[in-house]
Every structure is written in C-alpha cells, then in structure tokens.
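The residues making up each chain are set out below.
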Amino acid sequence: EVAGRSTHDGGLALAAYIYKSEVACRHFHGLLLDGQHLSAVGVQGVGMLVADTATGVRVDAEPGADPAEVDGLLRGSGAALLWQLRCVLPLHVAAVARNGRAIGFVGPPGTGKSSLAAALSERGWQLVTDDIAAVRWDDEGHPLLEPNPPQLRIWGSSARQLGWDTSDEHRLGAPSAGQVGDKYAYDLPERFADHPVRLAAVYLINPPRAAPDIAFS
C-alpha cells in the first residue's frame, strides 16, 4: 500500500521511481509521442534509441559505442519506453522473491538496490529484476512483477564483498573507448524467477531529504 497517492485501479504510484506512469501512452521523459510511435531519442556517446509497439525497441549505435552501454540502454530506458507505449507500467526497482511473493527496493541510483538483491540471492532468495520491471495486475487486483532477463549488474565493491569474480570477463566498459569502470555484469539464470511474481512489499532505500511525502506500509 502506498499512502498519499494511488492510481485509479489501486495500483502502485511511486513518484520518481515510476517512469512517468501517470501520463503513460502520452509522453516519456518529456518527449511527445506521435500516435503509437516515439521519435528517435539521441543518447550522447551511445546512439539513437527508437521504439514502437509493432517492432519493439532498438538502439542505432554510434561508431565505437561501448556494447555494454548499448545493452544497458536497451535493458533500462529502452524497456521502460516500450512498456509505456504499450500502456504497461514500468517500475524502477530491484526485487527478490521467496515463497511466491516478491519484495522490491526503490531509491535513487547508487543506493544499493541491486547490491541488496545480490546479497539476498546469496541467502536463498530468488532474483526477479535488478533495475526495472513491468508491473501488471492479476484478476484479483494484486500487482505482479514480470521477471527481467537473468542478468545482474553491481559495483565492484559489492561484488568483492560477496566474493564474486571481478575479472575482465564480467567488467562493464570498453577499454578502447576509455570507459572501463568498476561495475560488473553476471548472467545468473539459475537464480532468476521465470514467471511473474506477486509484489508483496516495496521498501524505499535511503530516501533523499527532499523526497515526496509518500509513506510505505
């Protein structure tokens, strides 16, 4: 339950942690849609992000663009944009599940959502998503999280604390582009849910002082 705000069907309304849900199918991040299509959106250093309901989403990459950045754009903003076009609610969340119920973690970038999900997966929880998920509702009106492709991305400090491999095999960034950082990607199909999971609770991690007046219970 989210106190203070709700959508018309009693679903989730999580302010900045939802990708413009209250104006879904009209605009995304301030960009106007033309019918069911979105004009190409340029992302400096990566390429053009294009989506429509018929052909899906793609990135027309710039020469020399880091493949990891292209993939990240598709998985994050690209997925959210396409869901918006299809009138599906995208939620910026990391989530884990146990006994058929999921709990989600929302918060600003860098607050440890994915790291917390990774740590819980070490303790027997099933991963649902590390960044973004589509929210749907079942016949009884309960929110369901759609699982993401089974990859988790975390910072090196968290990976090393968990004892995960931080070799270049998992490192994100292209050395030739001078973009090597301390973030790593792990394909973990055995740890991810393979079907929608009922969302039981959402926790706000390290809310900023200027956060909207929204309470979770």
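Residues numbered from 1 in each chain as written. Predicted model: local features only at pLDDT ≥ 70, side-chain atom pairs only at ≥ 80, totals over all residues. Heavy atoms only, no water.

1. Focus: the nonpolar core
Consideration 1: Of all hydrophobic cores here, the largest spans 17 residues; its most connected members are Val96, Leu127, Leu152, Ile154, Trp164, Tyr186 and Leu188.
Consideration 2: Taken together, the elements giving at least two residues each to this core come down to β9 (94–98), β10 (101–106), α2 (113–121), β14 (151–155) and β15 (183–187).
Consideration 3: Per-element tally for this core: the top contributor is α2, with 3 residues.
Consideration 4: Within the second largest apolar cluster, 15 residues are counted, among which are Leu89, Ala102, Val106 and Val128. (Core = buried A, V, L, I, M, F, W, Y, C linked by side-chain atoms within 4.5 Å. Buried < 20%, exposed > 50% of the residue type's maximum accessible area, 1.4 Å probe, protein only. Helix = DSSP H or I, 4+ residues; strand = E, 2+ residues; numbered from the N terminus.)

2. Considering the pattern of salt bridges
Consideration 1: This model, assessed by the stated rule, comprises 9 salt bridges.
Consideration 2: Between aspartate 71 and arginine 153 there is a salt bridge, with its nearest N and O atoms 2.5 Å apart. With aspartate 71 in helix α1 (residues 67–85) and arginine 153 in strand β14, this residue pair connects regions lying 82 residues apart in the sequence.
Consideration 3: Here arginine 171 makes a salt bridge to aspartate 168, at a shortest N to O gap of 3.0 Å.
Consideration 4: Judged by relative accessible area, arginine 171 falls into the partly exposed class, the value being 26%. (Salt bridge = Lys/Arg side-chain N within 4 Å of Asp/Glu carboxyl O.)

3. Some details on the side chain of serine 121
Consideration 1: By the element assignment, serine 121 lies in helix α2.
Consideration 2: A relative accessible area of 8% places serine 121 in the buried class.
Consideration 3: Residues contacting serine 121, with those up to four places away along its chain left out, are Leu127, Trp164 and Arg191. (Contact = heavy atoms within 4.5 Å.)

4. Regarding the packing of aromatic side chains
Consideration 1: Enumeration according to the criterion identifies 2 aromatic pairs in this entry.
Consideration 2: Ring geometry for tryptophan 164 and tyrosine 186: centres 4.9 Å apart, planes at 75°, overall edge-to-face. Residue tryptophan 164 is found in the loop between α3 (156–162) and β15, and its partner tyrosine 186 is found in strand β15; the two are separated by 22 residues along the sequence. (Phe/Tyr/Trp six-rings, centres within 6.5 Å; stacked < 30°, edge-to-face > 60°.)

5. Notes on the sheet that holds strand β11 (residues 126–129)
Consideration 1: Spatial ordering of the open sheet is given by β8-β12-β13-β16-β10-β9-β11, a layout of 7 strands whose pairing is mixed. Each edge of the open sheet is held by one strand with a lone partner, namely β8 (89–92) and β11. The mean angle between the axes of side-by-side strands here comes to 40°, regardless of whether they run parallel or antiparallel.
Consideration 2: Pairing geometry for strand β13 (residues 143–145) and strand β16 (residues 197–204), over 2 bridges, is antiparallel. Residue pairing in the sheet places leucine 144 in a bridge with arginine 198 of β16.
Consideration 3: Sheet strands in contact with α1 are β8 and β12 (132–137), and its direction is about 25° off that of β12. (Pairing = 2+ DSSP bridges. Axes fitted to C-alpha atoms, helices over the stretch in contact; angles between N-to-C directions.)

6. A few points about the confidence of the model for the protein chain
Consideration 1: Here the protein chain averages 76 in pLDDT, while 73% of its residues score no lower than 70.
Consideration 2: In this model, residues 1–36 is a region of pLDDT below 50 whose contacts with residues beyond four sequence positions or in other chains number 78 contacts. (pLDDT = per-residue confidence, 0-100.)

7. With respect to α2
Consideration 1: Of all 9 residues in α2, 8 are buried; the element is thus mostly enclosed.
Consideration 2: Listed as buried for α2 are Lys113, Ser114, Ser115, Ala117, Ala118, Ala119, Leu120 and Ser121.
Consideration 3: At its buried positions, α2 is contacted by β8, β9, β10, β11, β14 and α3.

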